[in-house]
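Understanding the architecture of this molecule
Below, each chain spelled out in residue letters.
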Amino acid sequence: MTFVENLTLFVLAGFVGYEVITKIPATLHTPLISGTNAISGITLIGAVLAAGSGSSTLATVLGFLAVVMATANVVGGYLVSHFMLRNFGRRRGD
Amino acid sequence: MAGVLGGLPDSVLSFAYLVAATLFVLGLRGMTHPRTAARGNLVSAAGMVLAVGITVLWFDILSPLVLLAALLVGAAIGTWLAVRVETTEMPQLVGLFNGFGGGASALVAGAELVDRFGSVGSTAIVPYDVTAAAALAGIIGAVTFWGSLVAAGKLHGLLEGSIRYSGEQGVKLVVLLVAVLAGGYLVVQPGSFGAVPTADWVPVYWLLVFAASVLGVLLVVPIGGADMPVVIALLNSLSGLAAATTGFVLDNSALIIAGTLVGASGFILTTIMCRSMNRSLADVLFGGFEESAPGGEEVDIYEGHVMSTSPEEVEMLLDTARRVVIVPGYGMAVGQAQHAVAELAELLVADGVEVVFGIHPVAGRMPGHMNVLLAEANVPYEQMKELEEVNPTFPGTDVVIVTGANDVVNPSALTDESSPIAGMPVLHVWEAETVVVNKRSLSPGYAGIPNPLFANDNTYMLFGDARESMQALVSEYKRNH
């Protein structure tokens, strides 16, 4: 895709994010942060390509580190959100 | 160069990314209500599995063992951290994960540059939009990584609170300038016009990352305690922007969309946190609170006006109350008093008393901190009220119990224009019939100013640790009911 097409995605996604997230109540802001945190681990896609491309040793090492960090971010972020949200969904006495 | 699915047309990959992006948006939409939020989180996770899965299967992975090892190590670290963390340690864990995302983005952009500069030969130029995006991803990612580490260290008590020094802003400016100049150099790639191989310009990227790392540390080091919710929200936003800019480097729509969603989310939270303190972002990052008024005055406002009370007396107040509002603050988190507070609320509700929690947006150390602690202690979310919702109800409230909060219930935010917290939205607890403030001492809160609430005629001070006091109150209540 061209740079401008990518920029289009960026701008539109920004508006979508703004509209959706302003509707999230304050009580869920911590799980929101850890959940979006996990989403920002999407950079794992890039890390996978860098680690797996095998083009140079340096790129592989960088890719390896990036995959470790991004995976920790994704897995940890979703798990932490899950644990927190389980508490919110639960009613007293459960 | 094709993976398992590589034989399929390119549009299949793009379509899979579109589905993943849709799942992210739907997942976030689920977060708009506590009942649907857990499902939303799972939907979002499914989007992630799809995006990563298709990437692994699509492209030719030359070193699958390296990749598998990295995935396993990362997943193990993430799981271990998530499982063993206590709810009270949540702010630093969230901060740490923010950093991981940012750091990974900076490394990916670097790896891509190494790859590009290595493969295009000595004279060809890497497109400007790629190098510009890589420079941005490097700066944002490194700032996020180191800023988050410092923030997490502070929240974990490993680093001192607020460190300020003279010439602070100048130092930051110089470091930023180094990073920006290195970035400019990368974009222009002067070497590629001459005989110098472009690969020699790769170290410039690492110089940029190094400068940005120093900047990340310097930015967060001076910021203390109660400003942490802003920092956590800002770093959250930056980790998303780092992913989005890395998406520009890799020309990858999934990274751009997902990263931007996170960037927008963090931006909104940052704005809400700043508004809740009536301070600008620049003020939080670079200002800090100014020295408060001379000490003599502070002592005077309390002198002879402060009434202290005991759990027995508070229990008697609660005996006749029909509506009780509990206002928690960071002190509740520190003292891990949430279970005792929740038990008290439960006892009162069982006796027909209306109980709600009045939660200030910046109470605690991250957005929504109090809510998470109370949810862990089984407080139903219907009882947690936001500032705008609870403020009009104070005149009809019999007893307010403030535990571990200070600045967020300070009336001088409304009455004293010269106060450092002037204009900050606060909980109008003094409008209730009686206010009980549970606090260790009369010491000022983060803003460093006295709180006239403590000297009010309808305020009683219940001195002591939050948990011990609340537990004493619970057992006193049980004994009489």
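The coordinates are above.
Residues numbered from 1 in each chain as written. Chains lettered and ligands numbered in written order. Predicted model: local features only at pLDDT ≥ 70, side-chain atom pairs only at ≥ 80, totals over all residues.

Re the sheet that holds strand E3 (residues 354-359) of chain B
All names here are of chain B. What counts is decided by this rule: Any two strands with at least two DSSP-identified bridges between them are counted as paired. Numbered from the N terminus, helices here are DSSP runs of H or I no shorter than four residues, and strands are runs of E no shorter than two.
On the basis of which strands lie adjacent, the open sheet formed by 7 strands has the order E1-E7-E6-E5-E2-E3-E4 and parallel pairing. On the outer flanks of this sheet lie strand E1 (307-308) and strand E4 (384-386), each paired with one strand and no other. Relative to strand E5 (residues 399-403), strand E2 (residues 323-328) is paired through 5 bridges, and the arrangement is parallel. Bridge pairing in E5 links Val 324 to Val 399.

Details of the interface of chain B and chain A
Put simply, the test is: Two residues form a contact once the distance between their C-beta atoms, set from the backbone, is within 7 Å. Nonpolar residues are Ala, Val, Leu, Ile, Met, Phe, Trp, Tyr, Cys and Pro. Charged residues are Asp, Glu, Lys and Arg, and all others, Gly as well, are polar.
Across the contact, 95 residues belong to chain B and 80 residues belong to chain A. Mapped onto the side of chain B that touches chain A, the elements with two or more residues apiece are helix H1 (10-30), helix H2 (34-58), helix H3 (64-84), helix H4 (90-119), helix H8 (228-250), helix H9 (253-277), helix H15 (369-376) and E4 of chain B. Here the side of chain B that touches chain A is composed, by residue class, of 58 nonpolar, 28 polar and 9 charged.

With respect to the environment of Gly 396 of chain B
Looking at where Gly 396 of chain B falls in the secondary structure, it is placed in the loop between helix H16 (387-390) and E5. Taking the C-alpha atoms as reference points, Gly 396 of chain B and Asp 416 of chain B, separated by 20 residues in sequence, lie 25 Å from one another.

Thoughts on the pairing of E2 of chain B
Residue and element names in this part refer to chain B. Operational definition: Here a residue counts as buried when 20 or more other C-beta atoms sit within 10 Å of its C-beta, as exposed when there are 12 or fewer, and as partly exposed otherwise, the C-beta atoms being derived from the backbone.
Of all the 6 residues making up E2, 5 are buried; the element is thus mostly covered by neighbouring parts of the structure. The pairing of E2 with E3 spans 4 bridges and is classified as parallel. Its bridge partner being in E3, Val 325 is matched across the sheet by Val 356.

Observations regarding the nonpolar core
Where we set the bar: Note on definitions: a nonpolar core is a set of buried residues drawn from Ala, Val, Leu, Ile, Met, Phe, Trp, Tyr and Cys, linked by C-beta atoms within 7 Å.
Counting 203 residues, the largest nonpolar core has Ala 66 and Val 67 of chain A together with Ala 258 of chain B as its most contacted members. Among the elements that line this core, the one with the most residues is helix H4 (residues 57-89) of chain A, at 18 residues. With near-sequence residues (within four places) excluded, Ala 66 of chain A lies in contact with Ala 47, Ala 50 and Ala 51 of chain A together with Ala 104, Leu 107, Val 108 and Ala 111 of chain B.

Re the environment of Ser 53 of chain A
With respect to the secondary-structure elements, Ser 53 of chain A resides in helix H3 (residues 44-53). Look at Ser 53 of chain A and you get buried, because 21 C-beta atoms sit within 10 Å. The spacing of Ser 53 of chain A and Phe 64 of chain A is 11 residues in sequence and 11 Å in space, taken between C-alpha atoms. With residues near it in sequence (within four places) discarded, Ser 53 of chain A still touches Ala 59 of chain A together with Leu 62 and Asp 115 of chain B.

Some thoughts on unusual backbone geometry
Residue and element names in this part refer to chain B. Despite not being glycine, Asn 278 shows a phi value in the positive range, around 55°. The residue Asn 278 is located in the loop between H9 and helix H10 (281-287) in this model. Judged by C-beta crowding, with 14 C-beta atoms within 10 Å, Asn 278 ranks as partly exposed. Residue Asn 378 is not a glycine yet carries a positive backbone phi of 70°. Relative to the elements of secondary structure, Asn 378 occurs in the loop between H15 and E4.

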